[in-house]
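Reading the structure
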Amino acid sequence: MGVYVRQLLAGRDFGIRDVYASRMANFIYLIGDDESRDCMVVDPAWDIKGILDYIDREGMKLAGALATHYHPDHIGGEIFGLRISGLAELLCVRPVEIHVNAAEAEGIAKVTGVSRADLVEHSAGDEIEVGAVKIRTLHTPGHTPGSQCFLAGSALVSGDTLFTEGCGRVDLPGSSAEQMYHSLTQVLAKLPDDTVLYPGHNYGAKPRSTMGEQKRENYFMRIGSLGEWMRLMQRY
Ligand SMILES: [Fe+2]
């Protein structure tokens, strides 16, 4: 049994020729079981048909969707007057369960228009099964109250909590700098060094990293105290 992971970049692997998708540089992920060929899609947005075509070409079967957080560039909705397709459009063509953090459920329903009944609410440490693979949810508030990361084997999909050279913004409605510090230092920093980091955007020089590299080189993972962190965040 092996964990199947694919990293797809908006504007390159799907949403091709969509200038906004390219500019926002979202990654979406497929996580699954490479034997049973079942997979989950993480943060489906921008081009649902393109994502489903990719899944079909890979010979995978879509078993469900996972949401890292409620921002429209990850799950669909409206942002800056721009309508982004996402969970609602996915449900129209492939009705699957959508796995969310309980603290994010209301926001996800509001932003996308999907029903609360379509959402499976999770808390920290839950396991979501896809084939024989177990995906563990890590609750990492800070960017939003119900931000969550997903751990499958040695793969960590981090949404907008941790990027290869930074972390998610904490100056948005619902953000908390203090919670972000806790999520980075008490949750993500505890993961083994060989954990592979798959971020929610292609913001760094490279598209993925390891937690060992992050602990050594990511400035935002190296702040020694909450006080120092809060002083730093006031400058952003
Ligand atoms: Fe975000």
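This text goes with the structure placed above it.
My aim in this report is to walk through the structure given alongside it, one point at a time.

About the criteria used
Residues numbered from 1 in each chain as written. Predicted model: local features only at pLDDT ≥ 70, side-chain atom pairs only at ≥ 80, totals over all residues. Heavy atoms only, no water. Buried < 20%, exposed > 50% of the residue type's maximum accessible area, 1.4 Å probe, protein only. Helix = DSSP H or I, 4+ residues; strand = E, 2+ residues; numbered from the N terminus. Contact = heavy atoms within 4.5 Å. Polar contact = N/O pair within 3.5 Å; in protein donor to acceptor, adjacent residues only side chain to side chain. Donors = N, O, S within 2.8 Å, 3.2 Å for Na, K, Ca; no water. Tetrahedral: all angles 85-135°; square planar, octahedral: opposite > 155°, others 65-115°. Pairing = 2+ DSSP bridges.

This paragraph deals with helix α2 (residues 48-57). For α2, the complete set of buried residues consists of Ile48, Gly50, Ile51, Leu52, Tyr54 and Ile55. Those residues of α2 hidden inside the fold are in contact with β1 (3-9), β2 (27-33), β3 (38-42), β4 (61-66) and α4 (87-93). Downstream of α2 by one or two residues, Gly59 has phi in the positive range, about 75°.

With that settled, consider the environment of Arg12. Checked against the element boundaries, Arg12 lands in the loop between β1 and α1 (19-24). In sequence terms Arg12 and Ala25 are 13 residues apart; their C-alpha atoms lie 9.1 Å from each other. A polar atom in the side chain of Arg12 sits 2.8 Å from the side chain of Asp13.

Before going further, it helps to examine the coordination of the iron ion. Tetrahedral coordination by four donors places them ideally at 109.5 degrees to one another around the metal; octahedral coordination by six donors ideally gives 90 or 180 degrees. On the protein side, the iron ion has His69 (NE2), His71 (ND1), His143 (NE2) and Asp160 (OD) as donor atoms, found 2.2 to 2.3 Å from it. With 4 donor atoms in place around the iron ion and angles of 84 to 175° between them, the coordination shape is irregular. Sequence positions of the donors to the iron ion reduce to the motif H-x1-H-x71-H-x16-D. One end of the pair, His71, is in the loop between β4 and α3 (72-75); the other, His143, is in the loop between β10 (133-139) and β11 (148-152), with 72 residues separating them in the sequence.

Extensive coverage of β11 is indicated by the burial of 5 of its 5 residues. Because side chains alternate across β11, one face comprises the buried residues Gln148, Phe150 and Ala152, and the other comprises Cys149 and Leu151, equally buried. Judged from the 3 bridges that link them, β11 and strand β12 (residues 155-157) form a sheet pairing that is antiparallel. By the bridge assignment for β12, Ala152 is matched with Ala155. Linking β11 back to β12 in an antiparallel pair, the connection comprises 2 residues, with Gly153 at a positive phi of about 60°.

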